[in-house]
Amino acid sequence: EFIKDVTGVKVLEQQLKDKLKLDHVVVVPGDSDQLDWVKHEMGRACVQYLKGHLAAGEAIAITGGTTMAAVAGAMTPLTGADRCLFVPARGGLGERVENQANTICAEMAKKARGEYRLLYVPDPLSEESYQTIIEEPSIKEVLDIIRNAEIVIHGVGDALTMAERRKTSAKQLEIIKERQAVGEAFGYYFNTKGEIVHKVRTVGLQLEDLKHARHVITVAGGHTKAQAIASYFQPGQSNVLITDEGAAQELIREH
Ligand code: G3H
């Protein structure tokens with residue numbers, strides 16, 4: 001069912017690049033919803049892209065999730081770019097430890113032989129605690145690095161899948177459903193028009209910070225994520241997409 005030859009994948013990459021107006025697209029063969037190793041291939045493609053575009057001393061902000069864990073799994077020493085600093089893009093967002101940005105950030109930095117700084121914040125946060133915490137000097141310092149990172153690498157999730165996985169409160173889940181969110185990235189939930197319909201309160205990168213990054217790399221695949229990917233790319237905040245054939249075919253067909 002899937003394209004076996006390189007030419008087919010190259011055609012998909014060009015189509016997606018034009019459709020989503022991106023600088024670079026990588027489509028790995030297969031569908032990560034069906035085969036786990038496809039996710040690892042996306043991880044490898046991401047590491048390869050990173051190595052070609054990273055300079056010494058730069059900061060890389062990364063999010064959580066199983067796809068980002070695959071990027072960490074594929075990481076190898078960044079020999080051409082020393083003193084690189086890895087930071088988590090946002091707080092835990094309610095994820096379990098292995099899916100949290102902090103965990104993945106530390107693993108990725110070790111494998112890259114880079115430095116890392118972590119965000120120690122309770123999550124989710126009340127408005128009152130949030131205001132106090134962002135004024136803490138140690139948090140402020142890491143936040144400053146995060147919000148000015150040269151490179152951002154992040155996953156995209158299906159809205160309801162993410163809300164459920166993160167044990168979102170009944171009240172927030174209601175809002176997400178009522179406002180017809182389909183996609184999620186960085187704790188922001190988007191509808192099909194790409195409008196933000198909900199945002200998880202946690203410390204870290206804000207959507208507007210993406211404007212300052214030199215490269216924003218989205219890593220997301222699987223045919224079930226096509227609508228989520230399309231919703232995130234409506235306002236077009238990334239310039240690079242690393243995906244798989246399952247999502248790519250669906251994106252070309254339906255969105
Ligand atoms: O924000 C999106 C999620 O972190 C994606 O999670 O890679 O496990 O599907 P996933």
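Only a predicted model underlies this, so the values are computations on that prediction, with no experimental measurement involved.

K.L.:
Sorry, what's going on with the overall build of the chain here?
P.N.:
A tally of helices and strands in the chain yields 10 helices and 11 strands. The C-alpha radius of gyration computed for the chain amounts to 17 Å, which stays within 12% of the reference 18 Å derived for 255 residues, consistent with globular compactness. A principal-axis box enclosing the C-alpha atoms of the chain has dimensions of 55 × 50 × 30 Å. Long-range pairs, those at least 24 residues apart, make up 71% of the contacts in the chain with a sequence separation of at least 6. Carbon and sulfur atoms make up 50% of the accessible area of the chain, which amounts to about 11,800 Å² in all. Computed over 30 positive and 35 negative side-chain charges, the separation of the two mean positions in the chain equals 1 Å.

K.L.:
In this structure, what is going on with the confidence of the model for the chain? I would like to understand it.
P.N.:
Per-residue confidence for the chain gives a mean pLDDT of 94, with 98% of residues at or over 70. Overall fold confidence for the complex sits at a pTM of 0.96, while the interface term, ipTM, reaches 0.98.

K.L.:
What is the right way to look at the pattern of salt bridges in this model?
P.N.:
When the charged atoms of two side chains with opposite charge come close together, those side chains can pair. Within the structure shown, the criterion is met by 12 salt bridges. Measuring nitrogen to oxygen at the nearest pair gives 3.2 Å for the salt bridge that ties Arg 166 to Glu 95. Taken together, the positions of Arg 166 in the loop between α7 (159-165) and α8 (170-178) and Glu 95 in the loop between β3 (85-88) and α4 (101-112) put the pair 71 residues apart, joining distant regions of the chain. One salt bridge connects Arg 147 with Asp 209, and the closest N-O pair in it is separated by 2.7 Å.

K.L.:
In this structure, what is going on with the sheet that holds strand β11 (residues 240-244)? I would like to understand it.
P.N.:
What links the strands of a sheet is backbone hydrogen bonding, and the strands pair in either a parallel or an antiparallel sense. Overall, parallel pairing links the 7 strands, which are arranged β1-β11-β10-β5-β2-β3-β4 in an open sheet. Each edge of the sheet is formed by a strand with only one pairing partner; in this case those strands are β1 (24-28) and β4 (115-116). With 3 bridges connecting them, strand β10 (residues 215-219) and β11 associate as parallel partners. Residue pairing for β11: Ile 217 is matched across the bridge by Val 240. Docked against the sheet, helix α2 (residues 36-53) engages β1, β5 (151-154), β10 and β11, running at close to 155° with respect to β11. Packing of helix α6 (residues 137-147) onto the sheet brings it into contact with β2 (59-62) and β3, and relative to β3 it is tilted by some 105°.

K.L.:
I'm lost on the site of the ligand in this one. Help?
P.N.:
The environment of the ligand is formed by Gly 64, Gly 65, Thr 66, Thr 67, Gly 155, Val 156, Gly 157, Met 162, Arg 165, Arg 166, Glu 184 and Lys 225. At 2.5 Å, a side-chain N or O of Thr 66 approaches an oxygen atom of the ligand. In the model, an oxygen atom of the ligand is placed 2.5 Å from a nitrogen or oxygen of the Glu 184 side chain. Coverage of the ligand by the protein chains reaches 94% of its 300 Å² of free accessible surface. In this structure the site holding the ligand corresponds to the largest pocket. Looking at the shell around the ligand residue by residue, the classes come out as 2 nonpolar, 6 polar and 4 charged.

K.L.:
Where do I start with the pairing of strand β9 (residues 196-199) in this structure?
P.N.:
Sheet faces and side chains relate simply in a regular strand, where the side chains alternate between the two faces. As paired elements, strand β8 (residues 188-190) and β9 share 3 bridges and run antiparallel to each other. In the strand pairing of β9, Tyr 189 is matched with His 198. Linkage of β8 to β9, two consecutive antiparallel strands, is achieved through a turn of 5 residues, within which Gly 194 is found at a positive phi near 85°.

K.L.:
Explain the side chain of Lys 39 here, please?
P.N.:
With respect to the element layout, Lys 39 can be found in helix α2. Among residues more than four places away in sequence, those in contact with Lys 39 are Ser 32, Thr 66, Thr 67 and Ala 70.

K.L.:
Is there a simple way to think about the packing of aromatic side chains in this case?
P.N.:
Two aromatic rings, taken as a pair, are described by how far apart their centres are and by the angle between their planes. With the rule as written, the count across this model stands at 2 aromatic pairs. Measuring from centroid to centroid gives 5.9 Å for Phe 190 and Tyr 232, while their planes differ by 75°, and the two rings are edge-to-face. In this pair, Phe 190 is assigned in strand β8 and Tyr 232 in helix α9 (residues 226-232), connecting sequence segments 42 residues apart. Measuring from ring centre to ring centre gives 5.1 Å for Tyr 232 and Phe 233, while their planes differ by 75°; the resulting arrangement is edge-to-face. Assessed through its relative accessible area of 6%, Phe 233 is described here as buried. Members of the aromatic cluster, joined through ring pairs, are Phe 190, Tyr 232 and Phe 233.

K.L.:
Explain the packing of helix α3 (residues 66-74) against α4 here, please?
P.N.:
One can describe the packing of α3 onto α4 by two numbers: an axis separation of 8 Å at closest approach and a directional angle of 20°. One element, α3, and the other, α4, form an angle in the roughly parallel class. The element α3 and its partner α4 pack so that their crossing is left-handed. Along its contact with α3, which presents Met 68, Ala 69, Val 71, Ala 72 and Gly 73, the element α4 presents Ile 104, Glu 107, Met 108 and Lys 111. Along the lines of polarity and charge, the residues of the contact of α3 with α4 split into 6 nonpolar, 1 polar and 2 charged.

K.L.:
Teacher, can you tell me more about α6 here?
P.N.:
Turn by turn, an α-helix covers 3.6 residues, leaving residues three or four places apart pointing in a common direction. Ile 139, Val 142, Leu 143, Ile 145 and Ile 146 are the residues of α6 that are buried. The arc that holds every buried residue of α6, seen down its axis, measures 160°, which confines them to one face.

Quick notes on the rules
- Residues numbered from 1 in each chain as written.
- Predicted model: local features only at pLDDT ≥ 70, side-chain atom pairs only at ≥ 80, totals over all residues.
- Heavy atoms only, no water.
- Helix = DSSP H or I, 4+ residues; strand = E, 2+ residues; numbered from the N terminus.
- Rg over C-alpha atoms; globule rule 2.2 N^0.38 Å.
- Contact = heavy atoms within 4.5 Å.
- Areas by Shrake-Rupley, 256 points an atom, 1.4 Å probe, with all protein chains shown as cover.
- Lys, Arg positive; Asp, Glu negative; His and termini not counted.
- Charge placed at Lys NZ, Arg CZ, Asp CG, Glu CD.
- pLDDT = per-residue confidence, 0-100.
- Salt bridge = Lys/Arg side-chain N within 4 Å of Asp/Glu carboxyl O.
- Pairing = 2+ DSSP bridges.
- Axes fitted to C-alpha atoms, helices over the stretch in contact; angles between N-to-C directions.
- Near = heavy atom within 4 Å.
- Polar contact = N/O pair within 3.5 Å; in protein donor to acceptor, adjacent residues only side chain to side chain.
- 1 Å grid on protein atoms, 1.4 Å probe; cavity = no way out; pocket = protein on both sides within 12 Å on 5 of 7 lines; lining within 4 Å.
- Sits in = over half its atoms within 2 Å of the grid points.
- Nonpolar A, V, L, I, M, F, W, Y, C, P; charged D, E, K, R; others polar.
- Phe/Tyr/Trp six-rings, centres within 6.5 Å; stacked < 30°, edge-to-face > 60°.
- Buried < 20%, exposed > 50% of the residue type's maximum accessible area, 1.4 Å probe, protein only.
- Parallel < 35°, antiparallel > 145°, perpendicular 65-115°, else oblique.
- Left-handed = near helix turned anticlockwise from the far one by under 90°.
- Arc of directions from axis to C-beta.

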